[in-house]
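Commentary on secondary and tertiary structure
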Amino acid sequence: MEAFLAQNVDAYYLRIMIFIGINIILALGLNLITGVTGQLSMGHAGFMSLGAYTSAILSMHFGTPFFLAIIAGALLAALFGFLIGIPTLRLDGDYLAMVTIGFAEIIRVFFLNFEPGGKAVGLSGIPQETTFTIVWIIVIVVIILNSKLFKSRVGRSLYAIRENEIAAESCGINTTRMKVLAFTVGSLLGGLGGGLYAHYMYYINPQDFGFMKSIEILNMVVLGGMGSIPGTIIGVIILTLAPEVLRVVAEYRLLVYGALLVILMIFRPNGLLGDVRIYDLKKRWGKKEVKI
Amino acid sequence: MSILEMEKISQEFGGLRAVDGVNLAIEEKEIFGIIGPNGAGKTTLFNIITGIYVPIEGRLIFKGKQLNRMAPHDIARLGIARTFQNIRLFDKLSVLDNVRVGCHGVTHCGFWSGMLGLPSSRKEEGLILSRSQELLEIVGLYDKRYEYADNLAYGEQRRLEIARALALEPSLLLLDEPGAGMNSAEKDELMGLIRQIRDNRDLTILLVEHDMNLVMNICERIAVLDYGRKIAEGTPNEVKNDEKVIQSYLGVSA
């Protein structure tokens, strides 16, 4: 498979496809926290770096097999998500955003001073094990599990928390527990994406996982549509491709990129697919009785 | 036997005594009304029963269990469901999903079984779906089950809240101003609905309402609150003719 792809697909396009895959995993993690459960997290890159460094150090210094290293990184990120979630998820809105920014900064500064992680120089020589096939198999599994979860009892309760927390409590939902659950699973996906990223890039350094990275992932979720899986995927594709496509305008690239975001948010404030349902589309096209 | 007992319940907000030593006993299967002027502490009392506020003193006993200091979701699971004065629906969920979420407290499938689609979860989902559809038929919203909740008309939203509360299979249902903002035809319909669900579902209903007509028509017993104190309790006729009630509603006559 890899050999076939390497022969027939331009290396540049292959690379972008892999980035899209990794970003989908990261963004679906944040979508679970922010899009579905409504808890604004602005520190997703922190979990990503935990997964990246853990898996990279394990495979470089301890010779851990690729898959084990990646899973260990994801689990460590999930553990941190869980530990941070318990005290902070009692906060909401702006306060939670502040705390998550702070957490991501702590992680970044920690790795800036972390000897086995190469400090500010970063970590290079990570075995390049992430391939197109591996990334996209994981993406498909994550998408299927996510969509099943969203349609289940637990998934509905997460949406309910986003819509109205007091009403959710009155329906017998333990909102704190559900929020911690969403935060933990979201962090796990962040760590998983980070591990794949590290094993693709060959080289990582703490600046890769700064505040801007968190915002970039948040943009993908918000642009695509909060809480919608197809929306998140479209958001990822647009925002991963935009910097590449906009190379034609050279130094005005970031300017156009910013303007694009502003325009989209004015015309689709809920994101591209944030409030689009198949049911509504079918109704608009004149069919009376539809099933979902 | 009384299903809910309140003993000397008091609540303060920054020195203001919102509820002051209220004693109440609600009997099983009755429709009990709480009335009183604005700011009398009616909704505060509801929030204390459902665990949103912790009273500064007093005891709250539901079916022999003490409720003080229990979390709202645990109280809900004991079988106390409520609606809200200012409607709190899950706006961007479908009508059907609103009721399905209401079933949360009486169903059990967790994260893994839901995500992996295990048979136990699929079986439970079937149950939830049929129960929710049945409830929507009772409140007359079955045809709108795929609409977003915030696309419903005001009266329909009130009825959806009742359906969502009933999904919890409660033994005590708290209705916070169920008739607010409804016209008289809708109110008549609502009274019919309240009686019907009480008779068919072994429910005790406790309601707060401003509309005297509705309260006097439907409630079997009434308590009157004023400035956080209970000033009268009894059948609609007793309350109607009570000296203190007339004073608090119409002012003191010279």
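Residues numbered from 1 in each chain as written. Chains lettered and ligands numbered in written order. Predicted model: local features only at pLDDT ≥ 70, side-chain atom pairs only at ≥ 80, totals over all residues.

**Considering the overall build of chain B**
- Helix and strand content of chain B: 10 helices and 10 strands.
- For chain B, whose C-alpha radius of gyration is 19 Å, the value lies close to the compact-globule estimate of 18 Å for 254 residues.
- Along the first, second and third principal axes, the C-alpha atoms of chain B reach 70 × 40 × 35 Å.
- Taking all 254 residues of chain B together, 45% fall into the buried category.
- Expressed as a percentage of contacts within chain B between residues at least 6 apart in sequence, the contacts between residues at least 24 apart total 67%. (Helix = DSSP H or I, 4+ residues; strand = E, 2+ residues; numbered from the N terminus. Rg over C-alpha atoms; globule rule 2.2 N^0.38 Å. Buried ≥ 20, exposed ≤ 12 C-beta atoms within 10 Å, placed from the backbone. Contact = placed C-beta atoms within 7 Å.)

**Considerations on the overall build of chain A**
- Of the regular secondary structure elements, chain A holds 13 helices and two strands.
- Over its C-alpha atoms chain A spans a radius of gyration of 19 Å, differing by no more than 12% from the 19 Å that the globule rule assigns to 292 residues.
- Each principal axis of the C-alpha distribution contributes one length, and for chain A these read about 60 × 45 × 40 Å.
- Taken across its 292 residues, chain A has 49% of its residues classed as buried.
- Once local pairs closer than 6 in sequence are excluded, the contacts in chain A between residues at least 24 apart make up 77%.

**Points about the sheet that holds strand β6 (residues 80-82) of chain B**
All names here are of chain B.
- Spatially, β6-β7-β8-β3-β9-β10 is the arrangement adopted by the six strands of the open sheet, whose pairing is mixed. Two strands lie at the open edges of the sheet, namely β6 and β10 (229-234), each paired on one side alone. Going from strand to strand, the sheet's axes swing by 20 degrees on average, the running direction of each strand aside.
- Of the pairings in the sheet, the one linking strand β3 (residues 31-35) to strand β9 (residues 221-226) comprises four bridges and is parallel in character. (Pairing = 2+ DSSP bridges. Axes fitted to C-alpha atoms, helices over the stretch in contact; angles between N-to-C directions.)

**Description of the packing of helix α10 (residues 211-224) of chain A against helix α11 (residues 229-245) of chain A**
Residue and element names in this part refer to chain A.
- One way to put it is that α10 packs onto α11 with a least axis distance of 7 Å and a crossing angle of 125 degrees. In terms of orientation, α10 and α11 fall into the oblique class. The hand of the α10/α11 crossing is right-handed. Residues E216, N219, M220, V221, L223 and G224 of α10 pack against G231, T232, I233, I234, G235, V236, I238 and L239 of α11.
- Considered class by class, the residues forming the contact of α10 with α11 number eight nonpolar, five polar and one charged. (Parallel < 35°, antiparallel > 145°, perpendicular 65-115°, else oblique. Left-handed = near helix turned anticlockwise from the far one by under 90°. Nonpolar A, V, L, I, M, F, W, Y, C, P; charged D, E, K, R; others polar.)

**So, the sheet that holds strand β4 (residues 57-62) of chain B**
Residue and element names in this part refer to chain B.
- Taken together, four strands build an open sheet; the order of strands is β2-β1-β4-β5 and the sheet is antiparallel. If you trace the sheet from one side to the other, it starts and ends with β2 (16-27) and β5 (65-66), each paired once.
- In this sheet, β2 lies alongside strand β1 (residues 2-13) in antiparallel orientation, the contact comprising eight bridges. Directly across from M6, in β2, lies its bridge partner L24.
- Helix-sheet contacts for helix α1 (residues 42-49) involve β1, β2 and β4, and the interaxial angle to β2 is about 65 degrees.

**Regarding the domain arrangement of chain B**
Residues and elements named next belong to chain B.
- The domain architecture assigned to chain B consists of domain 1 (1-79 + 171-254) and domain 2 (90-169).
- When each unit is reduced to the centre of its C-alpha atoms, the spacing between domain 1 and domain 2 is 27 Å.
- Tallying the contact residues gives 10 residues for domain 1 and nine residues for domain 2.
- Of all the elements in the fold, those that place two or more residues in the side of domain 1 that touches domain 2 are α2 (72-78) and α7 (184-201).
- With three residues, the single largest contributor to the side of domain 1 that touches domain 2 is α7.
- Here the side of domain 1 that touches domain 2 is built from residues that sort into six nonpolar, two polar and two charged. (Domains from an automatic or database assignment.)

**As for the nonpolar core**
- Counting 151 residues, the largest nonpolar core has A:I25, A:A27, A:A182 and B:A163 as the members making the most contacts within it.
- Tallying contributions element by element places helix α9 (residues 175-201) of chain A first for this core, with 14 residues.
- In this structure, this core is formed jointly by two domains, domain 1 (1-79 + 171-254) and domain 2 (90-169) of chain B, each of which donates at least three residues. (Core = buried A, V, L, I, M, F, W, Y, C linked by C-beta atoms within 7 Å.)

**Brief notes about the pairing of β10(B)**
All names here are of chain B.
- For β9 and β10, the ladder comprises five bridges, and the chain directions are antiparallel. Within the sheet, the bridge partner assigned to L225 lies in β10 and is K230.
- Counting the residues between successive antiparallel strands, the hairpin from β9 to β10 contains two residues, one of them, Y227, with a positive phi of roughly 45 degrees.

**Remarks on helix α3 (residues 44-61) of chain A**
- Here α3(A) spans 26 Å end to end across 18 residues, near enough to the 26 Å set by a 1.5 Å rise per residue.
- Of all 18 residues that make up α3(A), 16 are buried, and the element is covered over most of its length. (Expected span 1.5 Å × (residues − 1).)

**Examining the confidence of the model for chain B**
- On average, residues of chain B carry a pLDDT of 87, and 98% of them reach 70 or more.
- We note a pTM of 0.88 for the whole complex and an ipTM of 0.89 for its interfaces. (pLDDT = per-residue confidence, 0-100.)

**Overview of the environment of B:I218**
Residues and elements named next belong to chain B.
- Looking at the element boundaries, I218 is found in helix α8 (residues 212-218).
- With 18 residues separating them in the primary sequence, I218 and P236 have C-alpha atoms 9.2 Å apart.
- Here I218 is in contact with I31, M191, I194 and R195, once residues within four sequence places are set aside.

**Here's the deal with the interface of chain B and chain A**
- Every contact between the two is made by 30 residues of chain B and, on the other side, 25 residues of chain A.
- Sorting the residues of the side of chain B that touches chain A by element identifies α2, α3 (95-102) and α4 (111-115) of chain B as the ones contributing at least two each.

**Points about the environment of B:V139**
Residue and element names in this part refer to chain B.
- On the secondary structure map, V139 appears in helix α5 (residues 119-139).
- Put simply, V139 and D199 are 60 residues apart on the chain and 15 Å apart in space, counted from C-alpha to C-alpha.
- Apart from the residues within four sequence positions on either side, V139 is in contact with R159, L160, I162, A163 and L193.

**A short note on α3(B)**
- Buried residues dominate α3(B), accounting for eight of its eight residues.
- Inspection of α3(B) places B:V95, B:L96, B:D97, B:N98, B:V99, B:R100, B:V101 and B:G102 among the buried residues, and these make up the whole buried set.
- Tucked inside the fold, the buried residues of α3(B) contact α7 (153-163) of chain A together with α5 and α6 (154-166) of chain B.

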